[in-house]
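# A structural walkthrough
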Amino acid sequence: MDAIETHARDLGVNLSAVDFDSIALPAGEDFGILSDDEEICQKEDLPEPEGGLSNIVVVDNLPVVAPEKYEKLESVVRKLFSPYGAIVVFWMPTDPETHKTYGYCFIEYNTSQENLLKWLTDEKARDQFVIWAGMSTEVYWNDAKRAMPQLVYQKQYWTDSYVQWSPLGTHLATVHNQGAQVWGGDDKFLRLMKFPHPKLKRIDFSPGERYLVTYSSEEPSNPRGTHTVVLNIFDVRSGKVMREFKGSADDLSTGGSIAVSGVYHGLSSGEQTKTLWGGGRDDKYFARLGKNVISVYETETFTLLDKKSLKVENVADFSWSPTDPIISMFVPEMGGGNQPAKVDRYTKTKKSIYTGFELYRIKEKDTPIEVFELDNKNDKIIALLGSPEASRVSKLTTIKGRQANALFWSPAGRFIVLAGLKGLNGQLEFYNVDDLETMATGEHFMATDVMWDPTGRFLATAVTSVHEMENGFQIWSFSGKHIYKVSKDHFYQFQWRPRPPSLLTPEKEKEISENLEMYSKKYKQEDRDMLDEEFEHESYRRKQLREEWKRWVAKWKEQHDEERQCRMALRGGEDSDKEEEYQGKEVEVDEVCERDRRNSRLRPGPGLKY
C-alpha cells in the first residue's frame, strides 16, 4: 500500500478523494493490489494446515443401534480408543429416516497417530523381543522358521539403565538418568512421550498401560541428612504428573524388593518401595505399602479411598486379586500372640523343616481351607501353577533325580522346563505334564535366565553379563528343539514383547482346537511354499556362484594365454606350458653300498627309481 500511495503522489492523484468501492476491476485482475487477508499472510508466517488423514480413524463393524442407545455406544467406543490419544472429534452418522446408526464411526485425534498395534498383524504370527548388549538396544522378530532373528529396529545409546515393555506390549520404555521415555509405532519406534524424573532408578506401568510409575531415592550427603524417596505417577498419554509421593525412606519403604518385568533389580536397604495396581486392566486402584500402613488410592481423583489408609501393625507385604478389587496382606509373627500367618513346621526328629501350602477359597461361603503337604518331608515346594477350573489339589506325579533348581511353566500350561541354572551349568529338561513324559533335554552352558514367549511356543535362555564369557541367548521350541543361537558381548537384557489378551471367545478357541487339522492345512501349505522358496533361492545362489567361478577361471586363463610369449622369452624359448606333456619312465638300478669281507660277496643296496 505504501508503494501505491507514493505512485499516486507522483501522478498528482489525491487518494483520499477516490471512492475505491466504486472502482470495478476486470475479472481475474487485481493490478497488484493485495487483499487484507493476503497482507496478513505476508506479515505472519502462518503454519500450513496438516494434510492427509493420518490423525483420523475409521471404526467399522459397530452394532447398529437406536437413538436411545447412541450415547452408551459412543461411551464404549471412546473408552476403547481413548488410550491411543486425545479424541477431538467423534462422529457416528445416523440414517435420517430411521435415526439408527450405520455401524461405523469416525474418530479424529489431536495429533497423527502411529499404528501402535501393527506388530500384532504379522502374517507369520511371530513374536518380538528386545535385547540390550553393549551400547546397542535392538528389537527383533523371532523368525523360528528361518532359524534366525530378523532385525526390526536398532539404536545406539538408547537407554542408560534398562528397557521395559508395557504390560500389553504397546510401548517400549527406556530409563535414563533424567527420566523415562516411551516409544512406539510401526517399525520406527517414534518417541511418544517424555517423563522427567531426575536420578530415576525404576519404572513400572499400570496393567492397562494408562499410567507410568517412576521411582528414585537419594542418599543423604551427611550423617544427619534424610534418605529421601520420590515416586511419581504419570499419565502415559499426556505426560502429566497425576500424583507425587515424596518423603523419607522410613515412611515410604519396606523390607521387600522391586522386580521390573521379570528382571530383578536389587536395591540397598531402605530403598525398597512397593506400589501395586488393582482393579484389573481398568487401572481403577493402586496401593502403596508404607511403614505399618497400606494406602489405597482410586485413579479417578488420585485421592485416598474413603479418605483414610489401612493401618496394620508390622505389615510386611500385600497382594491384589488379579480379577477382583480384593487385597490381601501378610503380617509376620512378631513373638507371642496367635498369628499363624507363617509357621516353621518340623519333622518328628525336629532336625529339619518341611513345607506345604494352604489354599483359601475366598469366593466360597465361610472361606474353606484346603491343606496340601508333601509325602516326603525333606521335599520343598519351589513353584506352583494353578487352573481356575481346578476343584481340588492332588499330587499328579513325582519327578526324581533331576539336576534342577528352578521351574518355568509355559504360559499356555501343559509344559514345564526344569532348569539347572548358575551352579548347575544350564541343564534343561522339557517335560509334558499331560502325558507325564520328558520330551527333550538340552544344555545352555552357564545360563542365568529362562523366559517363555507370551504364547508358550518358544523358550529363550540367556547368559547375561554377570559372566564374562558365553554371553548371548538361545531359542528353543516348546518341545525342546534347539532353533538358533546368538552370541553378544556385554549382554545385559533379553525381554519378550507381551501380547494383549486374545479377542477370541472361549467358544471360538474351542472350535479352533477341535478343528485344528482343518486350520493347519493353510499353514502347512505356507510352510511348504516357504521351503520351496528357500530351495529356489539357494539353487539360484549356487548357480550364481558357479557362474562367478567360471568367469573368474576364464579371466585368468585369458591372461595366462596372453603372457605365454613373455614366459617363453624368460626361459630361453622353452615352452613351459608343454611341461605337462612329458612321458615318464621308471627304472630300477642295483648299487653296491658296502662289501662284506667275511663272505666276500656283495650286499645289494636299495633300488633307486628315476
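Residues numbered from 1 in each chain as written. Predicted model: local features only at pLDDT ≥ 70, side-chain atom pairs only at ≥ 80, totals over all residues. Heavy atoms only, no water.

This part covers the overall build of the chain. Secondary structure summary: the chain contains 7 helices and 40 strands in total. By sequence separation, contacts in the chain at least 24 residues apart represent 42% of the contacts at least 6 residues apart. Per element, the accessible surface of the chain, about 41000 Å² overall, is 51% carbon and sulfur. (Helix = DSSP H or I, 4+ residues; strand = E, 2+ residues; numbered from the N terminus. Contact = heavy atoms within 4.5 Å. Areas by Shrake-Rupley, 256 points an atom, 1.4 Å probe, with all protein chains shown as cover.)

Turning our attention to unusual backbone geometry. Of note, N292 is a non-glycine position whose phi angle comes to about 60°, a positive value. Summarising the element assignment, N292 is placed in the loop between strand 18 (285-290) and strand 19 (293-298). In this model, K307 sits at a positive phi of 60°, which is unusual for a non-glycine residue. Here K307 is to be found in the loop between strand 20 (303-304) and strand 21 (310-311).

Turning our eyes to something else, we now look at the sheet that holds strand 4 (residues 128-133). Spatially, 4 strands are ordered 6-5-4-36 in an open sheet, and the strand pairing comes out antiparallel. Each edge of the open sheet carries a strand with a single partner, namely strand 6 (148-156) and strand 36 (491-496). In this sheet, neighbouring strand axes are inclined to one another by 20° on average, regardless of whether the strands run parallel or antiparallel. In the sheet, strand 4 pairs with strand 5 (residues 136-143) via 6 bridges, with the strands oriented antiparallel. Pairing of W132 across the sheet is with T137, part of strand 5. (Pairing = 2+ DSSP bridges. Axes fitted to C-alpha atoms, helices over the stretch in contact; angles between N-to-C directions.)

Looking at the chain as a whole, its pLDDT mean stands at 79, while 77% of the residues score no less than 70. The low-confidence segment residues 254-273, where pLDDT is below 50, has 44 contacts with residues more than four positions distant or belonging to other chains. (pLDDT = per-residue confidence, 0-100.)

A few words now on a negative patch on the surface. Judged by side-chain charge, E123, E526, D529, D532, E533 and E536 come together as a negatively charged surface patch. Structurally, the position occupied by D529 is in helix 6 (residues 516-562). (Patch = residues over 30% accessible without salt bridge, like charges linked within 9 Å, V, L, I, M, F, W, Y side chains within 5 Å. Salt bridge = Lys/Arg side-chain N within 4 Å of Asp/Glu carboxyl O. Lys, Arg positive; Asp, Glu negative; His and termini not counted. Charge placed at Lys NZ, Arg CZ, Asp CG, Glu CD.)

Further remarks concern helix 6. Along its 47 residues, helix 6 runs 68 Å from first to last C-alpha, staying within 8% of the 69 Å computed at 1.5 Å per residue. Approximately 30° is the largest bend angle found in helix 6, and it occurs at K522. (Expected span 1.5 Å × (residues − 1). Bend = angle between axes of the 7 residues up to and from the residue.)

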